[in-house]
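Chain residues, written in single-letter form:
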Amino acid sequence: MTYAAITGWGKCLPPAILTNQDLSAILDTSDEWIVSRTGIRERRISHVSLTDLAEVAARRALAAAGMEGGALDLVVFGTCSHDDQVPNTASGLQARLGAVGAAAYDINTACTSFLYGLSTATALIRTGVVRNALVVGAEVISPFMDWSNRDVAVLFGDGAAAVVLQASEREEGLLAEKLGCYGDAREILRVDGMGCTYANRGVPYGITRWQFEGQEIFRRAVAGMSSACEEALARCGLTAAAIDLLVPHQANLRIIDAVARRAHVPAERVYVNIERYGNMSAATVAVALCEALEEGRVRPGALLLLPGFGGGLTWCAHLVRWGERVQPLGVSDAALPPCERTALQLIRDCRDRKGTAPGRDPRDPWERRSAIV
Ligand code: UT7
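Below is a short write-up of the structure.

The next point concerns the overall build of the protein chain. Per the secondary structure count, the protein chain includes 13 helices and 13 strands. Taken over C-alpha atoms, the radius of gyration comes to 20 Å for the protein chain, in line with the 21 Å a tight globule of 373 residues would show. Summarising its shape, the C-alpha atoms of the protein chain cover approximately 65 × 45 × 40 Å along the three principal directions. Put simply, of all contacts in the protein chain between residues at least 6 apart along the chain, 77% involve residues at least 24 apart. When the accessible surface of the protein chain is totalled, it reaches about 15,000 Å², and 51% of it is carbon and sulfur.

This next bit is on the site of the ligand. Around the ligand sit 23 residues in total, of which Thr29, Arg37, Gln215, Asn252 and Asn279 are the nearest. Here an oxygen atom of the ligand and a side-chain polar atom of Arg150 are 3.0 Å apart. Take Asn252: an N or O atom from its side chain is 2.7 Å from an oxygen atom of the ligand. Out of a free accessible area of 960 Å², the ligand has 74% covered by protein chains.

This next bit is on the packing of helix α3 (residues 50-65) against helix α4 (residues 89-97). It is the contact of α3 with α4, at a shortest axis distance of 10 Å, that shows an interaxial angle of 50 degrees. Classed by the angle they form, the pair α3 and α4 counts as oblique. Once α3 is placed against α4, the crossing between them reads as right-handed. Only Thr89, Gly92, Leu93, Arg96 and Leu97 of α4 make contact with α3, whose side of the interface consists of Leu50, Thr51, Asp52, Ala54, Glu55, Ala58, Arg59 and Leu62. Tallied by class, residues from the contact of α3 with α4 come to six nonpolar, three polar and four charged.

Here we take up the nonpolar core. Judged by nonpolar contacts, the single largest core of 43 residues is most densely connected at Leu118, Val163, Leu165, Val298, Leu304 and Trp322. Among the elements of the structure, β1 (3-12), β4 (74-78), α5 (113-126), β6 (132-139), β7 (159-168), α11 (283-294), β12 (303-310) and β13 (314-321) are those that each provide at least two residues to this core. It is α11 that provides the largest number of residues to this core, a total of nine residues. When residues no more than four places from it in sequence are discounted, the contact partners of Val163 are Ile6, Gly8, Trp9, Ala61, Phe114, Leu118, Ala133, Leu134, Val135 and Leu289. One finds Ala232, Ile255, Ala263 and Ala317 within the second-largest nonpolar core, a separate group that totals 30 residues.

A separate point is the environment of Ala176. Within the fold, Ala176 resides in strand β8 (residues 173-181). In this structure Ala176 comes out as buried when scored by relative accessible area, which is 7%. Sequence separation between Ala176 and Arg321 is 145 residues, and the spatial gap between their C-alpha atoms is 9.7 Å. With sequence-adjacent residues up to four places away left out, Ala176 is seen in contact with Ala232, Arg235, Cys236, Ala317, His318 and Leu319.

This part is about α11. Here α11 spans 16 Å end to end across 12 residues, near enough to the 16 Å set by a 1.5 Å rise per residue. α11 sits mainly inside the fold: 11 of its 12 residues count as buried. Within the span of α11, buried status applies to Ala283, Thr284, Val285, Ala286, Val287, Ala288, Leu289, Cys290, Glu291, Ala292 and Leu293. Positive backbone phi, at 70 degrees, marks Gly296, one or two positions downstream of α11.

Quick look at the packing of helix α8 (residues 214-235) against helix α9 (residues 253-263) now. It is the contact of α8 with α9, at a shortest axis distance of 9 Å, that shows an interaxial angle of 35 degrees. Crossing hand, α8 versus α9: right-handed. Each of Phe218, Ala221, Val222, Ala223, Met225, Ser226 and Cys229 in α8 lies in contact with α9, whose residues at this interface are Arg254, Ile255, Ala258, Val259 and Arg262. A breakdown of the residues in the contact of α8 with α9 according to their chemical character gives nine nonpolar, one polar and two charged.

As for its placement among the helices and strands, Ala160 is situated in strand β7. For the pair formed by Ala160 and Val56, sequence separation is 104 residues and the distance between their alpha carbons is 8.6 Å. With residues near it in sequence (within four places) discarded, Ala160 still touches Lys11, Cys12, Leu53, Ala54, Ala57, Gly137, Ala138, Ala283 and Val287.

The buried fraction of β13 is high, at seven of eight residues. Of the strand pairs in this sheet, β8 and β13 are connected by eight bridges, and their pairing is antiparallel. Bridged to Glu177 within β13 is His318. With eight bridges connecting them, β12 and β13 associate as antiparallel partners. Within β13, the residue paired with Pro307 across the bridge is Ala317. Linking β12 back to β13 in an antiparallel pair, the connection comprises three residues, with Gly312 at a positive phi of about 135 degrees.

Next up on the list: the pairing of β12. Of all eight residues that make up β12, eight are buried, and the element is covered over most of its length. In β12, alternate side chains face the same way, and those of Leu303, Leu305, Pro307 and Phe309 on one face and Leu304, Leu306, Gly308 and Gly310 on the other are all buried. Here strand β11 (residues 245-246) runs beside β12; their pairing, made up of two bridges, is parallel. Residue pairing in the sheet places Leu246 in a bridge with Leu305 of β12.

Rules used in this analysis
- Residue numbers here run from 1 along each chain, matching the order of that chain's written sequence.
- It should be noted that, the model being predicted, local features are given only for residues of pLDDT at least 70 and side-chain atom pairs only at 80 or more, the latter also being counted only at that level, while totals for whole chains, interfaces and linings use all residues.
- Note that water and hydrogens are dropped before the side-chain values are worked out from all heavy atoms of the structure.
- Helix and strand definitions here come from DSSP, where helices need a minimum of 4 consecutive H or I residues and strands a minimum of 2 consecutive E residues; each element is numbered from the N-terminal end.
- Within these notes, the globule rule equals 2.2 Å times the number of residues to the 0.38 power, and the radius of gyration is based on C-alpha atoms.
- The criterion used for residue contact is that any of the two residues' heavy atoms lie within 4.5 Å.
- Each accessible area is a Shrake-Rupley result for a 1.4 Å probe, and residues are judged covered by the shown protein chains and nothing else.
- When at least one non-hydrogen atom of a residue lies within 4 Å of a molecule or strand, that residue is treated as near it.
- Think of a polar contact as two N or O atoms within 3.5 Å of one another; within protein, one of them needs to be a possible hydrogen donor and the other a possible acceptor, and neighboring residues in sequence only count if both atoms come from side chains.
- Only the contacting stretch of a helix is used when fitting its axis, a line to C-alpha atoms as for every element, and angles between N-to-C directions run 0 to 180 degrees.
- In what follows, roughly perpendicular refers to angles from 65 to 115 degrees, roughly parallel to angles under 35, roughly antiparallel to angles over 145, and oblique to any angle outside these ranges.
- Take the far helix as the reference: if the near one is turned anticlockwise from it by less than a right angle, the crossing is left-handed, and if turned clockwise, right-handed.
- Nonpolar residues are Ala, Val, Leu, Ile, Met, Phe, Trp, Tyr, Cys and Pro. Charged residues are Asp, Glu, Lys and Arg, and all others, Gly as well, are polar.
- What makes a nonpolar core is a set of buried Ala, Val, Leu, Ile, Met, Phe, Trp, Tyr and Cys residues whose side-chain atoms join them at distances within 4.5 Å.
- Residue exposure (1.4 Å probe, protein chains only): buried if accessible area is under 20% of the type maximum, exposed if over 50%, otherwise partly exposed.
- The length a helix should cover is 1.5 Å for every residue beyond the first.
- Any two strands are treated as partners once DSSP identifies two or more bridges connecting them.

Take a look at the structure:
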């Protein structure tokens, strides 16, 4: 029997930090509201492209696995904020890493894209199609954010992480998963202006309008992740008592608490980093997994449960058996170029690049408040 062991991991967070305090200077919000309703204190804003962020994360993951890019047979890029639609983002990363001839595809299930990518790469390894794969979860949401909408602007951040999978005869890596989608409710999380229906919805590409029914998304997130956890465990004949660490999607601390409670996993066995990054969509679980390893929260042979939820509305949970090695084999010197701008200046740049959007009103609070940026 062939398994797909996770042998390398690496993350890349852009250095510019956007605090709740910063947001309260341009939006009608407060640190108190954001922390009490979401658990988020700050998030990162990227000064580079999605592929730039992902490349650094990927090089770090490859170094941790002791592997060269040329050894990869497959690059799976989980994201909903592609640099381009054609050519895809995975092919750009494949070329930069020197993964000559490797298969390369993007996967977009919004916040669950990394986990869905883990499923497809694992399946291709387990069926013998490929032996070595890179799975990326990365997002640069900031250019697509509606920075005048406090309902969503406080929730999201940019970031990237990647893992290397290798064929193994030992029973490790992804053991079981449950994948699902509430397609009937897909309209409650919609970003107009990120796709080709922009013309008939009256929003030019890149100038976004978010439709986001927070409370219903919240309810569906808890329901979807909880049932997926139950089913993934049942597929292996296990209960939550066997879980060493829950590494959930980080969209809201109250969602994480509710999912952990329903899964009967105590708080000390739940990994949380939402306060530092907010919701990085596809990058969220991938970055959390890297940080859990860096902080020594993953012991050799640990059983991890990774529930996720995102636009679509997609949901899932992945049961992963970690291998014996919890230290990287090597360290990459890959790094981002320095960032000369503050996070507030970067979001101001995003807004200016969009030019004159239909409906952009010089009287809106952001227009007036952003004069201070
Ligand atoms: O990864 C994708 C999945 N995304 C999610 O899972 C997100 C799920 N939803 C949530 O996390 C929460 O629903 C939110 C954090 C988005 C909202 O929290 P909530 O407790 O559901 O708040 P609410 O939408 O019921 O709003 C309560 C109040 C409203 O004011 P009124 O009508 O009571 O006067 C909002 O207008 O809070 C107001 N509000 C804000 N106030 C200050 C909404 N956003 C803000 C804000 N700052 N940023």
